[in-house]
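Analysis of the macromolecular model
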Amino acid sequence: MPLSQLCTAIVDCEHKTAPKSADGAGYPLIRTSDIGRGRLDVTHAHRVDAAAYEAWTRRAVPQPGDLILAREAPVGNVAIVMSDSEPVLGQRTVLIRPNEELVDARYLTYRLLCSDIQYWMNAVANGATVPHLNVEDIRSLPVPSLPPLVEQQEIGTTLSAFDDLIENNRRRIEILEEMARLLYREWFIHFRYPGHENVELVDSDLGPIPASWEVAQIAEAFDTVGGGTPSKEVEDYWLDGEVHWFTPTDLTRAGSAFAFESGLKITELGLRKSSARLFPAGSVMMTSRATVGVVSIVTCEACTNQGFITCVPCERMPSSYIYFWLRENVDLFLSLAGGATFKELRKSTLRDLPIPVPAAEQMKAFEAHVGPMMTLIKNLLRQNDVLRAARDLLLPRLVSGELDVSALDLELEVVQV
């Protein structure tokens, strides 16, 4: 039956840009990039004030159990509105309100994410530049026959348990990153590390610093590595490649402190025949073209395309210190980036910059505090990858009836933060 017969409302968004709140607080404005596979991620969402909220929700106020669908970029992503959010529909989104007497909201969320419906949405999407779904297409979207409501609820609850744990892990990661960042700032920007009361500040090229610290150029402090792209016309450079080759999209899509897998891999021959250079696990990659300043620590030996500057840690400069120093200085990098078509930070420009080099005892103590936090962040990110894979494996089998939900014996414990 068409989707419209399973819903009490399908409401289009306002076709204009909502004004962001002046102080960055308020209600989350949901753009297509904030719609995940099943859940909203408002971590980086723009915020609107009460006046904008009232104006942008006059057609419909999103309620817990509603779905928000991306009509464009990417077509078909859909997420359920949870009880702890008061979202506003951004451009290119649609609100779907399921009829709770006919369909379970969580089940419908996952059913819309199945490959058959995703294929249909992408097939009917139109647009000369960017494919997009029309609201009438969404209303007429064919939904295959549904199991009984009780079974829908069981399937929705089962799959939602994975997303609950993923979301819980995401929040823990967010808290851990903030704790580590604040510790970095406290120790290395405000100089309030243990024992700082007895340390004299002296003048340097960066202003006053503790007397036991130094200032060095990046080129002296640690190695930096550029990247390159093997010719796409030579199949032997790419076919069955095993060398991780990162592009900026890998980092912007993941948006995490650690990078595990590159979207593309090259061969050893492709590596040798290009300007790409291998660097070790633990190196800190930073995008340096177009989108400047996205930073991630790689967990495996890898290389990149030319859109990166990669910093290789050493005993004097561990990866966590480099990571947070880069994060703190993104605005500086943006101001130094040039280019008429797109921004680019040159490797030579970065290598000429001064960086504070704390005393070995402070660096060792910082690692002792932050190291376990970063390890836990890395483990939680890996756990989320495993949970997503398991959920996506179960999804088509449960909704198709191939797998009986009552036969599952899952033990997923959600640890509260």
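For the structure itself, look to the data block above.
Residues numbered from 1 in each chain as written. Predicted model: local features only at pLDDT ≥ 70, side-chain atom pairs only at ≥ 80, totals over all residues. Heavy atoms only, no water.

**Here we look at the overall build of the chain**
Helix and strand content of the chain: 12 helices and 20 strands. C-alpha atoms of the chain, sized along the principal axes, occupy 70 × 55 × 50 Å. Relative to its 417 residues, the chain shows a buried fraction of 47%. Residue pairs at least 24 apart in sequence account for 73% of intrachain contacts in the chain once pairs closer than 6 positions are excluded. (Helix = DSSP H or I, 4+ residues; strand = E, 2+ residues; numbered from the N terminus. Buried < 20%, exposed > 50% of the residue type's maximum accessible area, 1.4 Å probe, protein only. Contact = heavy atoms within 4.5 Å.)

**Concerning unusual backbone geometry**
Even without being a glycine, Arg92 presents a positive backbone phi close to 65°. With phi around 60°, Ala290 is a residue other than glycine that occupies positive phi space. Within the element layout of this structure, Ala290 appears in the loop between strand 16 (284-287) and strand 17 (295-298).

**Details of helix 2 (residues 105-112)**
Most of helix 2 sits out of view: 7 of its 8 residues are buried. Of all the positions in helix 2, only Ala105, Tyr107, Leu108, Thr109, Tyr110, Arg111 and Leu112 are classed as buried. Its side-chain oxygen placed 3.2 Å from the backbone nitrogen of Arg106, Asp104 serves as the N-cap of helix 2. (Polar contact = N/O pair within 3.5 Å; in protein donor to acceptor, adjacent residues only side chain to side chain.)

**Quick look at the pairing of strand 5 (residues 67-70)**
By the alternation rule, side chains of strand 5 split into Leu67 and Leu69 and Ile68 and Ala70, which are all buried. Bridge analysis of strand 5 against strand 6 (residues 78-80) gives 3 bridges, and the strand direction is antiparallel. Bridging from a neighbouring strand, Leu67 pairs with Ile80 of strand 6. As judged from the 4 bridges shared by strand 5 and strand 8 (residues 93-98), these two strands associate in the antiparallel manner. (Pairing = 2+ DSSP bridges.)

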